[in-house]
Structure formats: structure tokens, C-alpha cells
Amino acid sequence: MTTVSTTVADANVAPAAKSRNLSLDRARTFLTLVVLLHHAVIPYTHFGHTDPKSFFGFDMIVLATDSFFMAMFFFLSGLFAWSGIARKGAVSYMADRLLRLGLPFAICAFTLIPLAYYAVSLRQQPQIGFAEFWWKTVTVGPWPSGPIWFLWVLFGFDLLACLLHRLWPHLLDPINRLSLRGRRRPEEFFAVMLAVTAAFYVPGLMIYGPSSWFEFGPFSVQHGRVMLYASYFFFGAGIGVAQIDRGLLAADGRMARVSWDWMVLAIVPYCLLWTLIFIKREILGNPSPLPNWYEGLYALCFAIFSVAIMFLILAFFQRFRQSGSARLLDPMQPDAYGMFLVHYPIALWLQYWLFDYDLPAIVKATIGFVLTVAFSWALTRALRQIPGATRVL
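Residues numbered from 1 in each chain as written. Predicted model: local features only at pLDDT ≥ 70, side-chain atom pairs only at ≥ 80, totals over all residues. Heavy atoms only, no water.

*Asks:* Sorry, what's going on with the packing of aromatic side chains here?
*Replies:* Here a ring pair, both rings aromatic, is described through the centre-centre distance and the interplanar angle of the planes. Under the definition given, this model contains 38 aromatic pairs. On the basis of an interplanar angle of 55° and a centroid distance of 4.7 Å, the ring pair of Phe74 and Phe150 is categorised as tilted. Taken together, the residues Phe74 in helix α4 (residues 69-78) and Phe150 in helix α9 (residues 149-167) connect sequence positions 76 residues apart. When sorted by exposure, Phe74 lands in the same class as Phe150, which is buried. (Phe/Tyr/Trp six-rings, centres within 6.5 Å; stacked < 30°, edge-to-face > 60°. Helix = DSSP H or I, 4+ residues; strand = E, 2+ residues; numbered from the N terminus. Buried < 20%, exposed > 50% of the residue type's maximum accessible area, 1.4 Å probe, protein only.)

Written out as C-alpha cells, the structure reads:
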């Protein structure tokens, strides 16, 4: 997910390509399903209440998922960045990333994302045609990015990694050494990662708040989370500098054997987040802006939960490598990235269709989630049959 004396010498060698790590593949595929679940239930929550039906349990899901899943995606993406740059060279590496990230971003921004938000627009302007809506989106705006903001931000981090690798090729060696120690003492890596990510996220939330976004055409990202995502990416890159299977993420490492500890470390701050939400709504009266002490405490609990739940998920897939989840996740793994790319219009149009039905929120969300998974998986499978498509999807 060696001994320290061998770290420096091994870290200086450009790593060769390795066989796939099934635990990491399953964690990544699981996260993809979490994204689909997040978008399936959010209309039925207090925050994203776009449907007349709601269910508080979905608020609990969305608070948890929003607090970790995109940061963990950056962490997993970073795992093979530094070693990939060392193995391929910066130019070849970025050419691959342009194909895998830049091309899907451009295609989705001009097609799938407007198609997705057209379903939302029809509820407000039933008479508007798609051509008119599309033209207004790309020329006047707003031009929302939906979940594909992740692609351009990750591309930016990859570009930054190439620059840093060129200037300081051993910059991330300390993280790699910490990872190797983490094989036996994962709590040390946890503490350092928590300290760094909290140091970036707490001031970011206090300065920008939770709702401030950078937006330029289809390029968008939350101001307060950019450095949080960057820190996750580079911690992942540091682990992947060398000997990724002999450090924190080693199959026989202690991280997986203390998985219950990560569960406790995740549950406690999650409960504190709900306590703070109660204080904000029932005691403070939802003031705007919120007091700095509140934003600081909330950000700290958020940071602890985010790192802890990531450790818990990684530990689970390391510890239970032969679990029943493999029967679903392994067949889905080659299609997971494509499912992430194509699912959003499917999810939003299913919600548009379900809006007028007098069904409980749980039923609507279940139908939406199951069909979103099925349709996005089937569509990805079909797209991957196009010659050359597997280089992108």
C-alpha cells in the first residue's frame, strides 16, 4: 500500500516497470464506485437537495465521501508519477499524460459535461434545446466541469512533478525513506502525512472557506483544497520513488495488521465533524462567514478523517486480498477509468427521469446507482472496443 540502510542506493536507481499491484487496483476501482455512489445520492441530501425526496443517511455518506475520495485519487495517481518520470523521461511521460488526461478532458468538456448539465437546465428552462444550451455554455457560461476537474488538476501536478524531478531528482527521497520505515511503523508515516496535509488545508479553509472555486471556462478547482490535493499527490509520489512493495504499502507490512486502529482514527473525527455541523446549524445559526475558530476545527477534523480513512481502505485491500470484493472489482478494474469519465451524464439523466416519480429517496438513489454503474460499465466496455481506445481508457 528493507531496511533503511538500503534505501538511498535503491532510491537512486530508475525503477523498472512492475506487475500490477492488485490491492492498489482494487482500491482505485472501489474509489470509482464511491464516486458513482456520491453522485447517485447527492440530490437526496440537505446539501444537494435537487429532488423533493431526501434521506439523512445520504448526508452521512456525502460528508464522508467528500472528505476523502478525491484526495485519495491524487495519492494513488502520485504513486507511479516519480518512478514513471525516471523510467520514461519527462517528455515521454507528459506525452502519455496528455493522451490519458488532456484528451479525455477536452472531449468530456465539450460533449459529456454539457450533456449532463442539460438535464439540470431542463428543470428550469423546459423549452431550451440542447444546441442552444450547448452554445450558451461554451460561449457565455457558466461552463461547469463536473468531476472532470480532477483531470486537468492531475495533469498540472504531473507537469510540476516533471519540473521538480528535473531540478531536484532526490527531492522525495525523505518521503520514500519514511515509507520504508512505515512498513514496520506506519503510525510515523500517518503522523507526518497528517501534519503536512493539515498544515496546508487548515489555513486554506480559513482563508477561502468551503465554497470558493477557481473557475475559467471548464477549468475549476476549490481554492481551499488545491494544496491539500498537491500534498496527497506528492506523498504518493514519494512512496513510489523506489521499492513501493517494500515500504508502507508492503503486503506483509504492519499497516494492514492494525486496520482496526485506522477505523477508530476515522470514526472519531467523522463524529466530530457532525458535532461541528450541529453547532453551526443549531447554536451559531449558520452565520456567514463562519468564525475562524470553527473553520479551523472543522478543517483539522476533516484532515484527520481524510488521512485515516485512506489508511483504512488501503489496509483493508492489503489485508483481505482474497476477499469476495475481488470477484466484482477485478473484472471492473480495466474499465474503472472509463466509468469515471462517462458516468456523470448517465447519473444526472437518471435523476431527471426519477424526479417525477413518487418514490422514497432510498429507492430512487438505489435505482440511480445500480443503473449508473451498469450503463457506464457497458458504455466503457463498448468504447474500449474502438481501435486505440485502450490507450486512453
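*Asks:* Mind showing me how you'd approach the pairing of strand β1 (residues 213-216) here?
*Replies:* Sheet faces and side chains relate simply in a regular strand, where the side chains alternate between the two faces. As judged from the 4 bridges shared by β1 and strand β2 (residues 219-222), these two strands associate in the antiparallel manner. Bridge pairing links Glu215 to Ser220 in β2. Where β1 hands over to β2, the hairpin turn is made up of 2 residues, of which Gly217 adopts a positive phi near 60°. (Pairing = 2+ DSSP bridges.)

*Asks:* Can you help me understand the packing of helix α10 (residues 173-182) against helix α11 (residues 186-208) in this one?
*Replies:* Think of two packed helices as two axes; the pair is described by the angle between the axes and how far apart they sit. Running from N to C, α10 and α11 cross one another at 140°; their axes reach a closest spacing of 7 Å. In terms of axis orientation, α10 runs oblique to α11. Here α10 runs over α11; the crossing is left-handed. In this structure, α10 uses Ile175, Leu178, Ser179, Arg181 and Gly182 to contact α11, whose residues at the interface are Pro186, Glu188, Phe189 and Val192. (Axes fitted to C-alpha atoms, helices over the stretch in contact; angles between N-to-C directions. Parallel < 35°, antiparallel > 145°, perpendicular 65-115°, else oblique. Left-handed = near helix turned anticlockwise from the far one by under 90°. Contact = heavy atoms within 4.5 Å.)

*Asks:* Where do I start with the pattern of salt bridges in this structure?
*Replies:* Close approach of charged atoms allows side chains with opposite charge to pair. Per the counting criterion, the structure on display carries 14 salt bridges. Salt-bridge contacts for Arg185 lead to Glu188; the nearest nitrogen and oxygen are separated by 2.9 Å. Take Glu188: its relative accessible area is 30%, and that puts it in the partly exposed class. (Salt bridge = Lys/Arg side-chain N within 4 Å of Asp/Glu carboxyl O.)

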